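# Structural overview
The lines below spell out each chain.
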Amino acid sequence: MPSGPAEQRVDELHRLCVIAGTQTFGTGVENLDHVPDELALVRSVLRDDCGMEVHPRPGLDPTSPADFLDGLHAAIDRAPDVLVLYYTGHGFLRQDTELLLPLANGDPGRPATVLPAQALLTELQAAELGEVVVILDVCDSDAAADDLRLWEIRTGAAGRATGRVHLITAARKVEKAQQLAFARAFTAAIQSPGISPNDRYIPLKKLEAEIQHRLGDLYQNVTYHPPRGAEESRAFPNPDSGRRQTSRPLEARAETGWVFCGRDRAVEQVVAFLASTGTGGRCCAITGKSGTGKSILLKWIASASSRRPFPTSDPDAVSVVPEGCVHLRLDAHGQEGYTLLSQVARRFGVEKEPGEPGFFDELDTAHGPKAILIDSIDKAREPDEPISEVLAPLAELSSVRLVVASGAPPRGLPAEEICLDDAVHSDSAEIARLVRSVLVKHANSVHHEATENDLGEMVRWVVERSESVFRWAYRYAIDLAYQTFEEVRALMPDSITDRYAHRLRRISPEGDPHWARDLLAPLAYALGAGMPDHRLWSEVAHRLRARRASEAELEHLLSQAADYLDEASDPGPDGGWRLSSDVADYLIQDADTAAAHTAFTEAMMAALPGGETTGWFRADTYTQRNFAEHALLAGALTPFLDDPEFLLAMDAHRLRRALTLDGRDKARKVRELCESVTVHGSHTENLSQIALLAAAFRLPELADAARRRTTGWTASLADRHGSDAVDVVGPAEARRLVIGTLDGRLLASGPIGGLEPLVQGADPVSAFGTRLVHGVPYVAVGHWSGTVDIHDLVSGETSTIDDLDSRIVACDFGERGLVVATARGWRMHELGVGEGPLVPSGGHALSAVAQADVDGEWIVVGACTDRVRVWAADGTFLREFRTGQRRALTSVVVLDDSIFVASDDGTVFQSDVYGYDGHILFEEFLSAERVTTLSLIRDEGNPRLLVTGKNGTAIIATFDGRDPSHLVTMHVGLAINAAVLPNDRELVICSDVGTARLHI
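Per an unreviewed UniProt entry, the protein goes by Caspase domain-containing protein and derives from Actinocorallia longicatena.

Further remarks concern the overall build of the protein. In terms of regular secondary structure, the protein is built from 29 helices and 42 strands. A sequence separation of at least 24 residues applies to 60% of the contacts in the protein between residues at least 6 apart. As presented, the protein carries roughly 41,500 Å² of accessible surface, and 48% of it is formed by carbon and sulfur atoms. Taking the average place of the 98 positive charges on the side chains of the protein and the average place of its 145 negative ones, the gap between the two points comes to 3 Å.

This next bit is on the nonpolar core. A general trend in soluble globular proteins is that nonpolar side chains are found buried together. Judged by nonpolar contacts, the single largest core of 89 residues is most densely connected at Leu-520, Leu-579, Phe-646 and Leu-998. Those residues in contact with Leu-520 that sit more than four places away from it in its chain are Leu-504, Trp-537, Leu-557, Ala-561, Tyr-564, Leu-579 and Leu-587. Core analysis: the next-biggest nonpolar cluster, separate from the first, contains 60 residues, Val-259, Val-267, Trp-300 and Phe-485 among them.

This part is about a negative patch on the surface. On the surface, Glu-815, Asp-853, Asp-855, Glu-857 and Asp-896 cluster together to form a negatively charged patch. Tracing the chain through its elements places Asp-896 in the loop between strand 32 (889–895) and strand 33 (898–903).

This part takes up unusual backbone geometry. Cis geometry is adopted by the peptide bond preceding Pro-58, which originates at Arg-57 and carries an omega value of 10°. With respect to the secondary-structure elements, Pro-58 resides in the loop between strand 2 (53–55) and helix 2 (65–77). With phi around 55°, Ala-79 is a residue other than glycine that occupies positive phi space. Structurally, Ala-79 can be placed in the loop between helix 2 and strand 3 (82–88). Taking the relative accessible area as the measure of exposure, Ala-79 reaches 54% and is therefore exposed.

Spatially, 36-37-38-39 is the arrangement adopted by the 4 strands of the open sheet, whose pairing is antiparallel. Because the sheet does not close on itself, it has two edges, and the strands there are strand 36 (931–937) and strand 39 (963–971). This sheet shows a mean twist of 20° between the axes of neighbouring strands, independent of strand direction. Bridge count for strand 38 (residues 953–960) against strand 39 is 7 bridges, and the pairing is antiparallel. Residue Asp-960 lies in a different strand from strand 39, and its bridge partner there is Asp-963.

Taken as a whole and judged by the stated rule, the model has 20 aromatic pairs. Here the aromatic rings of Trp-826 and Trp-871 are separated by 5.8 Å at their centres, their planes lie at 65°, and the arrangement is edge-to-face. Linking Trp-826 in strand 26 (residues 825–830) with Trp-871 in strand 30 (residues 868–872), this pair joins segments that are 45 residues apart in sequence. No difference in accessibility class separates Trp-826 from Trp-871, as the two residues are buried. Both rings, one in Trp-871 and one in Phe-877, keep their centres 6.3 Å apart while their planes meet at 70°; by these two values the pair is edge-to-face. According to the relative accessible area criterion, Trp-871 is buried, its value standing at 1%. Pairwise contacts between aromatic rings join Tyr-86, Phe-182, Phe-186 and Phe-236 into one cluster. Across from the ring centre of Trp-784, 4.8 Å away, lies the NZ or CZ of Arg-807, which sits over that ring.

Another point: the sheet that holds strand 27 (residues 834–840). Strands sit in the order 24-25-26-27 across an open sheet of 4 strands; the sheet is antiparallel. In this open sheet, the two strands that pair with only one neighbour each are strand 24 (808–813) and strand 27. Across the sheet, the axes of successive neighbouring strands diverge by a mean angle of 15°, strand direction being ignored. Looking at chain direction, strand 24 and strand 25 (residues 817–822) are connected through 5 bridges and run antiparallel. Residue Ala-810 lies in a different strand from strand 25, and its bridge partner there is Ala-821.

Mapped onto the elements of the fold, Leu-934 is located in strand 36. Leu-934 gets classed as buried once you look at its relative accessible area, which sits at 9%. With sequence-adjacent residues up to four places away left out, Leu-934 is seen in contact with Ser-891, Val-892, Val-893, Phe-900, Val-901, Ala-902, Val-908, Leu-945, Leu-946 and Val-947.

Atom-level detail of predicted coordinates should not be read off regions where pLDDT is low. The predicted model of the protein has a mean per-residue pLDDT of 85, with 92% of residues at 70 or higher. Within the protein, strand 30 carries the highest mean pLDDT (96), whereas helix 23 (residues 612–615) carries the lowest (63). Segment residues 1–8: pLDDT under 50, and 25 contacts once partners within four positions in sequence are set aside and those in other chains are kept. Scored below 50 in pLDDT, residues 157–161 makes 2 contacts in the model with residues more than four places away or belonging to other chains.

This part covers the pairing of strand 41 (residues 986–991). Looking down a regular strand, the side chains alternate between one sheet face and the other. By the criterion of burial, strand 41 is predominantly enclosed, with 6 of the 6 residues buried. Burial along strand 41 is two-sided: the face carrying Glu-986, Val-988 and Cys-990 and the face carrying Leu-987, Ile-989 and Ser-991 are both buried. A loop of 2 residues connects strand 40 (residues 978–983) with strand 41, the two strands running antiparallel in sequence. Summarising the sheet, strand 41 and strand 42 (residues 994–999) pair through 6 bridges and their orientation is antiparallel. Among the inter-strand pairings, Glu-986 is bridged to a residue of strand 42, identified as His-999.

This part takes up the environment of Arg-411. Among the structural elements, Arg-411 can be located in the loop between strand 13 (400–405) and strand 14 (416–419). With relative accessibility at 65%, the residue Arg-411 sits in the exposed group. Expressed as a C-alpha distance, the spacing of Arg-411 and Ile-387, which sit 24 residues apart in the sequence, is 7.8 Å.

The rules we used
- Residues numbered from 1 in each chain as written.
- Predicted model: local features only at pLDDT ≥ 70, side-chain atom pairs only at ≥ 80, totals over all residues.
- Heavy atoms only, no water.
- Helix = DSSP H or I, 4+ residues; strand = E, 2+ residues; numbered from the N terminus.
- Contact = heavy atoms within 4.5 Å.
- Areas by Shrake-Rupley, 256 points an atom, 1.4 Å probe, with all protein chains shown as cover.
- Lys, Arg positive; Asp, Glu negative; His and termini not counted.
- Charge placed at Lys NZ, Arg CZ, Asp CG, Glu CD.
- Core = buried A, V, L, I, M, F, W, Y, C linked by side-chain atoms within 4.5 Å.
- Buried < 20%, exposed > 50% of the residue type's maximum accessible area, 1.4 Å probe, protein only.
- Patch = residues over 30% accessible without salt bridge, like charges linked within 9 Å, V, L, I, M, F, W, Y side chains within 5 Å.
- Salt bridge = Lys/Arg side-chain N within 4 Å of Asp/Glu carboxyl O.
- Pairing = 2+ DSSP bridges.
- Axes fitted to C-alpha atoms, helices over the stretch in contact; angles between N-to-C directions.
- Phe/Tyr/Trp six-rings, centres within 6.5 Å; stacked < 30°, edge-to-face > 60°.
- Lys NZ or Arg CZ within 6 Å of the ring centre and 35° of its normal.
- pLDDT = per-residue confidence, 0-100.

Okay, here's the thing in structure tokens:
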């Protein structure tokens, strides 16, 4: 019998494995239905990955201890260099010490049907073999170690050589070994042990730790018991030993029949994430249970990016991945955070060592955008360390797009999640494609010439057993590849398919055997809480299976199929009928998933009150919660993303889930847009927000639709550069817009419109102010270097008027002149007089200044970190007072005898110029987020106060005496960095995605 691919062998040792298990037991002992699956997994890995020969006996359900030991003796007689015995079944303790293994139809009360573990180990210890490894996957299996130690003590006392039996047990005394759990963890650990390619063999102590890790939170302790004085085991070759292409999974070889499939949507999502440039998170987490293909997904994308794809890759699939879109792929398995960062540093030429101050700053500026994939972060040496020391800092860098793979979302790391456990990534048709390819194309398969019927039956059986996990499906297929169809058919129980088909025929009317199956099918595809009512059920059945059923007929079916329903089924507005998962899996295994979800979307749309234009808000609860995901699975979601009414009416959490599962660029943009819409705003304002956000995210169809439907304010983008400062200057008939960009440039509109660079270069702009002087518009520009320039917007002339010792934080252009300030002090440049003295701030860091004439006295007011300071225009210090605001003060304006001060805590403080009669304004509007604009507009008529916040709120207040009143509030949906009111009908706002004009 073939013993696995020869090129995988690291030496010439003859390895023989005996794989046995008991499924069927006697009275009072529970049968173990999954034992055949466990044996198949272990056979597949030991044969194909370790190059072992599989001995045929004792196999499944050995009939007696003698039968078991006869098969074992036959294997020993082959005199292999290494013998591996894997046994799974029940284990019982006799008198709390002796481990008993019941065999076929056996139970502990009948000694003739039970094999003592001591007898088994004695036979193996006595065998004159180079090395023996015994793996016991049974309850209480750790008790066998006592028998092993006792034998070693006795033989040592008699002067005989110590035995060569290595023992691995799946559970300690009084612990239960859960079906399939250990076998899955063991096979996964053999395939990916997390050791260096320089190691030829897997150390069994390392194997123990890896199995334990993969068991997760199961209360089951794996233990390795080495023989005394033994050398390191050579039983399990390292699958990566000597391989040049460790970036490729072991199975990605043409002779295995393996194909990369079922991951098209996940690939598109990752590619879209790597290409994204929005303001969303910079980390994406690939999650899912063991075997879903997280590591293979990252390896495949990295190899496709480098244009060195797996040998079995489809060229069309590779073309979806842009060349060079991945710059680095790392494996965190067993690694420390420092090691991972060192690899990052080497790849991008960072000279600083990890941990040195400035390391991440240097990395951020090196080599432009960086796409980094990191696998197995939950298997790092200290799993929490890479998150805090590596991932979180990397995700904060603007130049990095980070994709990580982990069993669950990393704790403490905000990340967009792609969960491979979700149904959208677990298409049974794709699993069937993988299984068929292995059975037909594996080099050692005996099914190259199999009939379509035989292939179909084997494929369906594997799909049923795989639980939608690609790794298990591949392993089961490998196992079947070595067995003839007759051998496979003998192993098959009455299939799940046959059992359910028979039961559903029994509850169908005579002469119509598919009646129950067809009518229950819609319940298998219902989402959320389940099918909510008879109407939708009947409509979907009609579209999906051409069946019409009355309410009475459906109630009759429910009574007959009650055993098939999930216990939580509860029809009504917040619930529905749901099938148990195994019945649902049966009903959908050969069905057209897209067609089923199309039937749902068509039925729900047909029932919309008033049609699509007005009906989404009046749709039933099920539609609002689940339509988006049905449409996604039907391949029909994209057109609905251009409908603002649809986006506003759908349940926000369920819509976000559907958009996340979609993962394509448009869905990502719409998701970010929906998260920015102010949920407590009016419907009209929400439409206005969508119009603005859609324009910002380059979604023109959605922007146009929202703009047509809103009756509130409308918006247009003036510029797409991120901006954080804005002002207007010039006469009313020819006002010019001046914008400060996030990268330190200054843009200004020309006399006939259009924005042109005004200031750009190596010295970024840090503050500016504007003033119309004798009919000429001027801009005072302060730089990070401390210089201050005056720009004449008519002539284009520029002159430098000041050069201070640090960054300019404010340029306040008033009637008397220009006040410029750094954190350490301020200076007045008085019109017609010239430069005044530099006035120190008094040891308090200035953030803003304002000047005003108060009762005939010209004063300068400074907002410091925690207080307000007031000076005379000549620099004489007059007074200071505190405002009581909770965070740093950021801006200040003066109107008549009132001072208004803004804070990072989302409030504005008003008092007189002495600090008396102080009170807080606007606290309820800005959600405790930073005030980004505080300005006075002194056009003809009453003055107005403009306040904006980082939460996207703009407040325009007129005055009733001293106090602001008659508030007009707007929620724009974007975080506002700054704003200005050019006139009564327009508001200009700055944001991270550009500058917008709002027509109000």
